[in-house]
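# Structure at a glance
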Amino acid sequence: MSDFFTEAILIATFASGVRLAVPLLLASLGETFGQRSGVLNLGVDGIMLLGAFGGYYTVLKTGNVWYGLIAGIGIGVLFGLLSALISVTLLAEQGISGIGVYLFGLGMSDLLFLKLVGTPTPISKFPKLDIPGLSDIPWLGGMFFQHSVIVYLAFALVPLSTFVINRTTFGMRIRSVGENPEAADSLGVSVAGVRWATVTIGGTLAGVAGATLAIDLGIFQQNLTNAQGFIAIALVYFGAWRPIGVMLGSLLYGFVNALVLQLKTLEVIPPDLSNFAAMAPAIITILALVIVARRFRQPTALTKPFTRGT
Amino acid sequence: MAETPMLEMRGITKRFPGVLANDNVDFDVFAGEVHTLLGENGAGKSTLMKILYGMYQADEGEILLNGESVDIPSPTVAIEHNIGMIHQHFMLVDTLTVAENVALGLPSSRGFLTDLDVVSEHIVELGEQYGLEIDPAAEVWQLAVGQKQRVEIIKALYREARLLILDEPTAVLTPQEVDQLFDTLRQLTADGRGLIFISHKLHEVLALSNRITVLRQGRVTGNTTTEGATRHSLAEMMVGREVKLAPDKPEVETGGAALQIRDLEVIGDRGNVMVDGLDLDVHAGEILGIAGVSGNGQRELAETIGGLRQSNRGSITIAGVDTTNKPPIEMRHAGLAYVPEGRMKNGSIGAFTVSENLLLIDHADDQFLSRGLYDFGAIREHCQALVEEFAVKTPTLETPVKSLSGGNIQKLILARELSGTPQVLIASQPTRGVDIGAAEYIHKRLVEQREEGTAILVISEDLDEVFALSDRIAVIYEGQIMGVVDPADATREQLGLMMAGIRPESVAD
C-alpha cells in the first residue's frame, strides 16, 4: 500500500486521470450543445467508435496522427449531420433513433476493422508537448502540463463553450430553442437550423473523441469505447448542462478510472476482484448523477421534436 | 375614417381537413383604433390572426397593408411588416432574462456577440414611455403574470410594431391590471398604432374597442361600432340565438357545512407553500365561488380536496367524514364529485370512448357486471341515458372523447360526476374555453344541483361566472382567503383589490 503513495506514482495517476478524461470531455461537451438545444443524441458512442476506427486506420496507413484526427473530424461531421437529419428533420423519437446510430457504429467499426486490418497493429501516438515554464512546477506540472496537444485543446474548449452558450447570439438561440421552441420560432429563430448546427457540433466532437481515444491508446479493437459515449451522455446530466460541470464530471470519471487501473497494477486490489473494481467509475458516476441531477432542471424541450402548427 | 386602412384582409378563406375555418372573411383596421374580433372558441378568430401573422397561409383572399397587397409567409415577414402579436399563451423563454427574450431573433449591434446592455437601455425607455416598467435583467420565470405580459408587449414595441394583435390578453389579469393594460393600449393607439383585440369578455370589449366584428363558424356574423352594441346584442351575434348570461337562481334553504376545511396547508410543485392555513365552509344547498388570479393556490386547493395532492397540515371533512390525505376513492365514497380544471389532463382519458369515460368511477359497480364480466347492455343503457340527459353531442357512445369539442367533453365529465348523488361538488374552471351555449347549460346544471342540496365549490378565474353563480364569494390570494363577500353587495373593484392581496376592512359573511 505504501508503494502507492510515492510522489511519482501519485503524479502519474493524476496525469493518467486527466488523459482518460479527454475523450469523455470532448464527447460530453458536444452532447451539451445538442441537449441545450433540446436534442438528446444517444448515438454518441456509435459515432465515437466510427471516429476511433477512422482515426486509427488513417494513422495506420499514413503514419500521421494529425491526419487521423482530421479523419475523426470528418466522420464526426458526417454522422452529426445524419443524426440531425434523423432527429430534427425526420422528427424521430430521440430515445430510440440514437440507439440505431450506436448499433450501426458498433457493428460497422468492427466489420471495417476485421476486413481492412484484421490483426491489432499498434500505431504511433500523439506527441507530448510540455508547456514551457508550467511543466516544471512540482506536482502540478507533471499532472497537468506534460500532455499531448489534444489534451490542452480539449480543456480549452470548456471556457470557449461556456462563452458561446452564454455570450453570443448563437448561444442565446440554442438556449431558447431548448427551452421554448415555439417562442423562438415566433421571433423568427430557425429552430431546425439551430438544432442542425448543435447536433452536428455534437457529432463532430464525438468523432474527435473517438479518434483521440484510439490514437491515445495506439490501438483499435472491437467496442474500443466500452460505452464511454453513454457515460458522456450521463455526464451532461451530471454537469447540469454546463461545460464546467461536464468537465468536472469527466475529470472525476477519469481520476477514478486511473486510480483503479493503478491499484490493479500494483495489485493492491486482488486480481480476482479487478472486474468489480472496473465497475467503480460507472457506479460513482451514477451515484453522483442521482445526487446532482435532482438539483437542476433539464432543458424543457429536451427530446421533444418541434413542428410548427396548431 | 376616409383614409386607407393600415390593414385590410379581403375574402380570407382557410380550409382544414373537414373544417372551413375562415369563410370569405373581411376585416380591416385603421390607425389609431381598437378593432375587436369577437367569437367563440373555434369561430375562426385565431386562424384569421395566424394567417395575418404568417403562421398559416390563406387558401383564398388577400392581405393589404396600407393599401398594398402583401404576402406573409412567416412570422419573420410579419415582424418586418411591423405586425406584432401578443399570444394568449406567452411566447417567452422562462430561463432567459427579459432583455434576452426581447433580443432573441434580432441581429445584434456587436455581430455574433450579444448586446444586452444596449437592449436593456431601450427596454427601460419603452417602459417609461408606455407605463411598462420592468427589470431587463430579471429572469422571466421570476416574473408575475402581469409582468410577463409587459415583456410580451415590449417585445412587440421593440420590433417597432405598428399593428398589434392581442389574443385574449386579459384572461390572466386582475381587474386593476386590466385597467392598467387598457391605459397602455389607449396610449399605443394615441400614437397612431392599430390594435386588434381578441376577447370573449363582453364588458371589456365594450370598454376598449372602437369597432367590433363578430365571427361564428368561420363567417362574419356581425359588424358594429361600440356605441350601437350591448352585452346581450354581442352574445346573440356570437351564438346565433338569444342567450342567458346569468342563470335564474331560486332561493334555496342552506343546510349544514357539507365541506369543512380547517387550517389547510399544501405545498406546490415547486416546493413552496401554495395553500397557507386556509379555512373554508361550504354549506349544503349553496354555491361558494372562489375568485382569484390564476396561480394563487386554487389548483392545489381543488386537487387536495379531490385527493390528487397531499396536504401538509390541517383537515378536510366531507359530509362529516374526515378525508384528510385519504386516497381519492374514499372521498368519492364520502360523497365528493370533482370536476377538475384540466378536462383532458385529469378529467377524461382522450383515447377512451364516451362510454368508457362515463364509467371511469363506477367501472367496478355491480350494476354493470354480470358474473364478474361487463354487462354491455346495462352499460349502454346507462351511458345513453346520461348522454341524452346532459345533451352531450357525440356521434356514438364509442367515439373517442378527444374528438369531441371542449364544451361537450365538459358536459360529459359533469354527467359522470353528477350521476351519483354527491354531497359536495368541486367544479374547477367549469366553463373555461367552452362555447357560450355549453357554458349556459353547465351553469344551469350547477344551479339545479344546488337545489338538490349539494354543497358546491366553484373555482373560477372568470369574475362574471363567479358573480353569476355564487351565493357567497371567497377571494383567494397567495393561498389565503382574503375575505368572503355577498355578490349582491360586492363590486368588481372590491374583488379586484382582494385578488391583489388587500383585505377589505369589513368582511361580509
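Calculation criteria
Residues numbered from 1 in each chain as written. Chains lettered and ligands numbered in written order. Predicted model: local features only at pLDDT ≥ 70, side-chain atom pairs only at ≥ 80, totals over all residues. Heavy atoms only, no water. Pairing = 2+ DSSP bridges. Helix = DSSP H or I, 4+ residues; strand = E, 2+ residues; numbered from the N terminus. Patch = residues over 30% accessible without salt bridge, like charges linked within 9 Å, V, L, I, M, F, W, Y side chains within 5 Å. Areas by Shrake-Rupley, 256 points an atom, 1.4 Å probe, with all protein chains shown as cover. Salt bridge = Lys/Arg side-chain N within 4 Å of Asp/Glu carboxyl O. Lys, Arg positive; Asp, Glu negative; His and termini not counted. Charge placed at Lys NZ, Arg CZ, Asp CG, Glu CD. Buried < 20%, exposed > 50% of the residue type's maximum accessible area, 1.4 Å probe, protein only. Phe/Tyr/Trp six-rings, centres within 6.5 Å; stacked < 30°, edge-to-face > 60°. Lys NZ or Arg CZ within 6 Å of the ring centre and 35° of its normal. 1 Å grid on protein atoms, 1.4 Å probe; cavity = no way out; pocket = protein on both sides within 12 Å on 5 of 7 lines; lining within 4 Å. Points joined across faces, edges and corners; volume = space filled by probe spheres on them. Nonpolar A, V, L, I, M, F, W, Y, C, P; charged D, E, K, R; others polar. pLDDT = per-residue confidence, 0-100. Contact = heavy atoms within 4.5 Å. Buried area = accessible area lost by both parts, 1.4 Å probe. Polar contact = N/O pair within 3.5 Å; in protein donor to acceptor, adjacent residues only side chain to side chain. Axes fitted to C-alpha atoms, helices over the stretch in contact; angles between N-to-C directions. Expected span 1.5 Å × (residues − 1). Arc of directions from axis to C-beta.

### Here we look at the pairing of strand S1 (residues 7-16) of chain B
Residues and elements named next belong to chain B. Inspection of the sheet shows S1 paired to strand S2 (residues 19-29) by seven bridges, in the antiparallel sense. Within S2, the residue paired with Lys14 across the bridge is Asn22. Connecting the antiparallel pair S1 and S2 is a turn made up of two residues, with Gly18 showing a positive phi of about 85°.

### Quick look at a negative patch on the surface
Residues and elements named next belong to chain B. A contiguous patch of negative charge, built from Glu121, Glu125, Glu128 and Glu133, is present on the exposed surface. Structurally, Glu133 can be placed in the loop between helix H4 (116-130) and helix H5 (145-158). Classification of Glu133 by relative accessible area gives partly exposed; the value is 47%.

### Quick look at the packing of aromatic side chains
Tallied over the entire structure, the rule returns 14 aromatic pairs over all chains. Between A:Phe53 and A:Tyr57, the aromatic rings sit 5.5 Å apart at their centres with planes inclined by 15°, giving stacked as the arrangement. With A:Phe53 and A:Tyr57 both in helix H2 (residues 44-62), this residue pair falls four residues apart, about one helical turn. Classification of A:Tyr57 by relative accessible area gives partly exposed; the value is 23%. Taking the centre distance of 5.6 Å and the plane angle of 45° together, the rings of A:Trp66 and A:Phe126 count as tilted. Within this pair, whereas A:Trp66 is found in helix H3 (residues 65-89), its partner A:Phe126 is found in the loop between helix H4 (94-116) and strand S1 (128-130), the two being separated by 60 residues in sequence. Cation over ring: B:Lys411 sits above B:Tyr441, and NZ or CZ is 5.4 Å from the ring centre. Its guanidinium or amino end placed over the ring of B:Phe390, B:Arg445 lies 4.0 Å from that ring's centre, counting from NZ or CZ.

### Comments concerning the layout of surface pockets
Residue and element names in this part refer to chain A. Empty space within the second largest pocket amounts to approximately 530 Å³. Lining the second largest pocket are 21 residues, with Thr225, Asn226, Gln228, Tyr253 and Asn257 positioned closest to its centre. Mapped onto the lining of the second largest pocket, the elements with two or more residues apiece are helix H1 (7-36), helix H9 (191-217), helix H11 (243-265) and helix H12 (274-293). For the lining of the second largest pocket, the leading source of residues is H11, giving five residues. Of the residues contributing to the lining of the second largest pocket, the split by class is 14 nonpolar, five polar and two charged.

### Some thoughts on the confidence of the model for chain B
Here chain B averages 91 in pLDDT, while 99% of its residues score no lower than 70. Scored by ipTM, the complex comes to 0.86, with pTM at 0.80.

### Re the pattern of salt bridges
Residue and element names in this part refer to chain B. Under the counting rule described, the total for this entry stands at 33 salt bridges over all chains. Notably, a salt bridge pairs Asp183 with Arg186, separated by 3.7 Å at the nearest N-O pair. A residue pair is termed a helical-turn pair when its members lie 3 or 4 positions apart in one helix, as Asp183 and Arg186 do in helix H6 (residues 175-190) at three residues. Owing to a relative accessible area of 41%, Arg186 belongs among the partly exposed residues under this scheme. Glu341 is paired through a salt bridge with Arg432; the nearest N and O atoms lie 3.2 Å apart.

### Quick word on the interface of chain A and chain B
Of the residues lining the interface, 21 residues belong to chain A; the matching set on chain B comes to 27 residues. Summed over both sides, the interface between chain A and chain B buries roughly 1900 Å², with carbon and sulfur atoms accounting for 65% of that surface. Inspection of the chain A/chain B interface yields one salt bridge. Counting the contacts that link chain A with chain B gives five residue pairs in polar contact (both at pLDDT 80 or more). A per-element tally of the side of chain A that touches chain B places helix H7 (residues 169-179) of chain A first, with six residues.

### A short note on unusual backbone geometry
All names here are of chain B. Of note, Gln217 is a non-glycine position whose phi angle comes to about 50°, a positive value. Along the polypeptide, Gln217 turns up in the loop between strand S9 (211-216) and strand S10 (219-225). Residue classification places Gln217 among the exposed positions, given a relative accessible area of 59%. Phi is positive for Arg371, close to 55°, though the residue is something other than glycine. Following the sequence through the fold, Arg371 ends up in the loop between strand S17 (369-370) and strand S18 (373-374). For Arg371, a relative accessible area of 84% translates into the label exposed.

### Brief notes about the sheet that holds S2(B)
Residue and element names in this part refer to chain B. Taken together, four strands build an open sheet; the order of strands is S2-S1-S4-S5 and the sheet is antiparallel. Only two strands of the sheet have a single neighbouring strand rather than two, namely S2 and strand S5 (68-70). The sheet shows a mean angle of 30° between the axes of neighbouring strands, direction not considered. Relative to strand S4 (residues 60-65), S1 runs antiparallel, the two sharing five bridges. Note on S4: the bridge partner recorded for Thr13 is Glu60. Along the sheet, helix H1 (residues 45-52) makes contact with S1, S2 and S4, crossing S1 at roughly 115°.

### A look at helix H14 (residues 436-451) of chain B
Residue and element names in this part refer to chain B. Between its first and last C-alpha, H14 extends 23 Å over 16 residues, near the 22 Å set by a 1.5 Å rise per residue. Along H14, the positions that sit buried rather than exposed are Ile436, Gly437, Ala438, Ala439, Tyr441, Ile442, His443, Arg445, Leu446, Val447, Gln449 and Arg450. The first or second residue beyond H14 is Gly453, which carries a positive phi of 95°.

### Comments concerning the sheet that holds strand S15 (residues 321-322) of chain B
Residue and element names in this part refer to chain B. Read from one edge to the other, the open sheet built from four strands follows the order S12-S11-S14-S15, with strand pairing classed as antiparallel. With partners counted over all chains shown, the strands left at the sheet margins are strand S12 (273-283) and S15, one partner each. Across two bridges, strand S14 (residues 313-318) lies against S15 in antiparallel orientation. Bridge pairing links Ile318 to Val321 in S15. Against the sheet, helix H9 (residues 298-305) makes contact with strand S11 (257-267), S12 and S14, and its axis sits at roughly 120° relative to S11, the strand it touches most.

### Focus: helix H8 (residues 231-239) of chain B
All names here are of chain B. Buried within H8 are the following residues: Leu234, Ala235, Met238 and Val239. The arc that holds every buried residue of H8, seen down its axis, measures 120°, which confines them to one face. Buried residues in H8 make contact with strand S3 (34-39), helix H7 (202-208), S9, S10 and H14. Gly240 lies just past H8 and shows a positive phi near 90°.

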